[in-house]
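Read off the chains here:
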Amino acid sequence: MTDGLKWTVNHVPGSDDKFLDLMSEENVTKANEFHKSFPQYSVTPLQKLSALASYLGVKGIYCKDESYRFGLNAFKVLGGSYAMGRYIAKELGRDISQLPYNVLSSDKLREEFGQATFFTATDGNHGRGVAWAAKRLGQKAVVRMPKGTTKTRFDNIAKEGAEVTIEEVNYDDCVRMAAAEAAKTEHGIIVQDTAWAGYEEIPSWIMQGYGTLVLEADKQLKENGVDRPTHVFVQAGVGSLAAVVGYFAHKYKENPPVMIVCEASAADCLYRSAVQADGNLVNVTGDLQTIMAGLACGEGNTIGWDILKNHVTVFASCPDWMSAKATRIYANPLENDPHIISGESGSVPLGLAYTALHDEDAKDLKEALKLDENSNILVISTEGDTDPVRYREIVWDGLYGTTESLSE
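Since the model is a prediction, treat every value here as computed from it, not as a measurement.

### Details of the overall build of the chain
Reasoning step 1: Helices and strands together make up the secondary structure of the chain, namely 16 helices and eleven strands.
Reasoning step 2: The C-alpha radius of gyration computed for the chain amounts to 20 Å, which stays within 12% of the reference 22 Å derived for 408 residues, consistent with globular compactness.
Reasoning step 3: By its C-alpha atoms, the chain is 60 × 45 × 45 Å across when sized along the principal axes.
Reasoning step 4: The buried share of the chain, reckoned over its 408 residues, is 61%.

Shown next, in the form of structure tokens:
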């Protein structure tokens, strides 16, 4: 059943790929060493879904489960924390390797660096990560959230001591608001996981920070006897998780995995850009109403798009039911497969993979992706139940069943 699913094979002309080196193993390892210095750091699980793989007729399905990350239930803290560390290091004329957590969080460094205010816009997880890191580094955080934000997501950020508000505008307008406020504030810095002309350094650091999860996953796959995945399904809001695509494209230049980008259909700017196929980004405007709050971004990251257009095979615009279905699949595993708590923005890659492999009317997608009995699939579950009320509504009450949408 593919109601509402749209996808396109990537025919966008390639660029000079100047951003790919950002995601080299060397750069990502540097970010990972920084994260390892945090007392809260541990490697998140790579969950092996053997029974589901057998049921769907593929060799393996592996889920990188980011619900365990730093006790924050989502991967986003990886990017914000590393970007903040890199910013402080640059201001002090030092290399990030000289500023592990115990140095960054020390009174001595605060005296040397002073007080900064880190501004950001968020649908939830990124802002929580920035607020969490700012609190631990003795810095200030100001977070702007778009209309429709749930109380749970707001409260999670407020608990970290940030100044946080819900505005009557969409995510992309919140980004502009936070950037304008940062520009007017003494020692104000915008820490945003999207890039635009003139704002590329901090987003590139954020993407490298996200690289920690894929570096871990790559090692974990090898421990499971998988030299490299044949297929990588990854979600995109603005496209900063292109870090995953960039890492695999850089490391396995001669034989990269087939890479698939999944977006929420209400905010499918990268899919539309791929359909337009002239190399330029297409923006999506309006309220961006979707169950996938973390993907409700209508304007793509220019760095992420450059990596994606060079290395992605298929861009997919995914309806809400596909995410909700995958949340339920994770929550109700087959046989001895592990139980995984995957929130609405975390589950959509599995939803698309399941649809391509299982549904008769998605056979053309399966063929386009060259999925078969030898496929080893990596999916990223970027968040757990970051909104527990919504999670229960999906898993217990069947919210967003196969024919439901937000408008009904």
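### Here we look at the nonpolar core
Reasoning step 1: Grouped together as the largest cluster of nonpolar side chains are 95 residues, with contacts concentrated most on I88, V191, F248, F315 and L378.
Reasoning step 2: It is helix 9 (residues 201–223) that provides the largest number of residues to this core, a total of ten residues.
Reasoning step 3: Here F248 is in contact with V214, D218, P229, V232, P257, M259 and L378, once residues within four sequence places are set aside.
Reasoning step 4: Grouped together as the second largest cluster of nonpolar side chains are 40 residues, M292, Y330, V348 and L371 included.

### So, the packing of aromatic side chains
Reasoning step 1: A full pass over the atoms with the stated rule returns 14 aromatic pairs.
Reasoning step 2: Where F38 meets Y101, the ring centres are 4.6 Å apart and the plane angle is 50 degrees; that geometry is what we call tilted. Residue F38 is found in the loop between helix 1 (25–36) and strand 2 (46–48), and its partner Y101 is found in helix 4 (residues 101–104); the two are separated by 63 residues along the sequence. Taken individually, F38 and Y101 each receive the classification buried, so the pair is uniform in this respect.
Reasoning step 3: Ring geometry for W196 against Y199: centres 4.4 Å apart, planes inclined by 25 degrees, an arrangement best described as stacked.
Reasoning step 4: On the basis of relative accessible area, Y199 is assigned to the buried category, the value being 10%.
Reasoning step 5: Members of the aromatic cluster, connected to one another through ring pairs, are F34, F38, Y41, F70, Y82, Y101 and W132.
Reasoning step 6: Taking NZ or CZ as reference, R392 lies 5.9 Å from the ring centre of W396, over its face.

### Here we look at a negative patch on the surface
Reasoning step 1: A contiguous patch of negative charge on the surface is contributed by D3, D361, D364 and E367.
Reasoning step 2: With respect to the secondary-structure elements, D364 resides in helix 15 (residues 363–368).

### Examining the environment of L78
Reasoning step 1: Take L78: it is sitting in helix 3 (residues 77–91).
Reasoning step 2: A C-alpha to C-alpha distance of 9.6 Å links L78 and A133, two positions 55 residues apart in sequence.
Reasoning step 3: Excluding residues that lie within four positions of it along the chain, L78 makes contacts with H35, E66, R69, G209, Y210, T212 and L213.

### A closer look at the confidence of the model for the chain
Any segment with low pLDDT has predicted coordinates that should not be analysed in fine detail.
Reasoning step 1: Overall, the prediction assigns the chain a mean pLDDT of 96, with 98% of residues at 70 or greater.
Reasoning step 2: Across residues 403–408 the pLDDT falls below 50, and counting only partners more than four positions away or on other chains, this stretch makes nine contacts in the model.

About the cut-offs
Residues numbered from 1 in each chain as written. Predicted model: local features only at pLDDT ≥ 70, side-chain atom pairs only at ≥ 80, totals over all residues. Heavy atoms only, no water. Helix = DSSP H or I, 4+ residues; strand = E, 2+ residues; numbered from the N terminus. Rg over C-alpha atoms; globule rule 2.2 N^0.38 Å. Buried < 20%, exposed > 50% of the residue type's maximum accessible area, 1.4 Å probe, protein only. Core = buried A, V, L, I, M, F, W, Y, C linked by side-chain atoms within 4.5 Å. Contact = heavy atoms within 4.5 Å. Phe/Tyr/Trp six-rings, centres within 6.5 Å; stacked < 30°, edge-to-face > 60°. Lys NZ or Arg CZ within 6 Å of the ring centre and 35° of its normal. Patch = residues over 30% accessible without salt bridge, like charges linked within 9 Å, V, L, I, M, F, W, Y side chains within 5 Å. Areas by Shrake-Rupley, 256 points an atom, 1.4 Å probe, with all protein chains shown as cover. Salt bridge = Lys/Arg side-chain N within 4 Å of Asp/Glu carboxyl O. Lys, Arg positive; Asp, Glu negative; His and termini not counted. Charge placed at Lys NZ, Arg CZ, Asp CG, Glu CD. pLDDT = per-residue confidence, 0-100.

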